[in-house]
Amino acid sequence: MTNQQSNVRVAVVQAASVIMDRKASTEKAISLTQQAAEKGANIVVFPEAFIPAYPRGLTFGTSVGSRSPEGRRDWLRYWENSVAVPSETTEMLGEAARKAGVYLVIGVVERDNEFSRGTLYCSVLFFGPDGTLLGKHRKLKPTASERIIWGEGDGSTLPVFDTPYGRIGALICWENYMPLARVAMYAKGVQIYIAPTADARELWQSTIRHIAAEGRCFVLSCNQYVTKDMYPTDLACYEELASSPHEMCPGGSAIVDPLGNYIKEPVYGKEDILIADLDLRDIAYSQFDFDVVGHYARPDVFQLLVNEEKKDSVKWIKSSISQP
């Protein structure tokens, strides 16, 4: 276990991607990481799918039973700007973390670099202050029409990392409505619970405050601030945005303490970097009367089994072929 410090300064970056542009989004992330470090941050968090975009408002030309050629062209553009892990992009992000001396947690659209090479995942990458790619988390269940563009992760990417600033881990957006996924994080001792999201509803604020109080952990919720004029007008299906409002995503990033109280209230209507100083002793302070996987647990009544085996489609195919 890493020797833990009591105090940590965190930065939650509420900013928009350079939509559909991996290179420019990466450069923006590097610049914002440095800005957060200059404010004294030890941990810097970016929103869901920051590189190259959360494609809010787009359908990629789909309807039940059909896909359009124009939608396929937009999909190809999205795929070409996604992030292979590892790649030159992850090296650049690691170098940014090293130069800034921070733990960097960033949402990316990850291109499968091992099996089919065609599937995309909504992922979170974790970098250490030495520039090392510590690991990743793939979203377990894309929500609704997200399933058109992203595959499902598995239990092999549910890490919680022990750092000098507490144990950090992440679940993405509506994964946080999956009770057993939350319990898996609590059982791994998460102390700084990172929730990159695309949900700007008022109801989301109830969610993150509940998680903080339930898990007795700090919650860092990070969303983008996006306006329609940020979208490239040369998208093949750009007309799909015609009825969308100017403010596509108003933000709502926030930081919550282990009793469910705001440390930084939600920010709307602008790009911003939320800075907060956390005292990890507040976790033990909060656990006096409730510890969800400690003295308030009932393992004699309830048990959680987590399959952390990597989903290997190639192994499955070989195994199927070998059957008589």
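Residues numbered from 1 in each chain as written. Predicted model: local features only at pLDDT ≥ 70, side-chain atom pairs only at ≥ 80, totals over all residues. Heavy atoms only, no water.

### Let's talk about the overall build of the protein chain
Here comes step 1: A tally of regular secondary structure across the protein chain gives 7 helices and 17 strands.
Here comes step 2: For a compact globule of 324 residues, the expected C-alpha radius of gyration is about 20 Å, and the protein chain comes in at 20 Å, within 12% of that figure.
Here comes step 3: Principal axes of the C-alpha set define a box for the protein chain whose edges measure 60 × 60 × 35 Å.
Here comes step 4: Looking at the protein chain as a whole, 52% of its 324 residues are labelled buried. (Helix = DSSP H or I, 4+ residues; strand = E, 2+ residues; numbered from the N terminus. Rg over C-alpha atoms; globule rule 2.2 N^0.38 Å. Buried < 20%, exposed > 50% of the residue type's maximum accessible area, 1.4 Å probe, protein only.)

### Points about the sheet that holds strand β16 (residues 262-268)
Here comes step 1: Sheet architecture is open: 6 strands sit in the order β9-β10-β11-β12-β15-β16, paired in mixed fashion. The sheet terminates laterally at β9 (160-163) and β16, the two strands that pair on one side only. Pairwise comparison of adjacent strand axes, ignoring direction, gives a mean angle of 15° for this sheet.
Here comes step 2: Of the pairings in the sheet, the one linking β9 to strand β10 (residues 166-170) comprises 4 bridges and is antiparallel in character. By the bridge assignment, valine 160 is partnered in β10 with glycine 169.
Here comes step 3: With respect to the sheet, helix α4 (residues 179-187) is in contact with β9, β10 and β11 (192-196), its orientation differing from that of β11 by roughly 145°.
Here comes step 4: Lying over the sheet, helix α5 (residues 202-215) contacts β11, β12 (218-222), β15 (251-256) and β16, oriented at roughly 20° with respect to β15. (Pairing = 2+ DSSP bridges. Axes fitted to C-alpha atoms, helices over the stretch in contact; angles between N-to-C directions. Contact = heavy atoms within 4.5 Å.)

### A few points about the pairing of strand β17 (residues 272-279)
Here comes step 1: Of all the 8 residues making up β17, 6 are buried; the element is thus mostly covered by neighbouring parts of the structure.
Here comes step 2: The pairing of strand β1 (residues 7-14) with β17 spans 8 bridges and is antiparallel. The partner of asparagine 7 across the bridge, within β17, is aspartate 279.

### Some words on α4
Here comes step 1: Among the residues of α4, those classed as buried are Ala181, Arg182, Ala184, Met185 and Tyr186.
Here comes step 2: Those residues of α4 hidden inside the fold are in contact with β9, β10, β11 and α5.
Here comes step 3: Positive backbone phi, approximately 80°, marks glycine 189, located one or two places after α4.

### Points about the side chain of glutamine 191
Here comes step 1: Its place among the elements puts glutamine 191 in the loop between α4 and β11.
Here comes step 2: Sequence-distant contacts of glutamine 191, that is, excluding residues within four places in its chain, are made with Gln4, Gly166, Arg167, Cys217, Phe218 and Ile283.

By themselves, these are just geometric observations and shouldn't be taken as functional.
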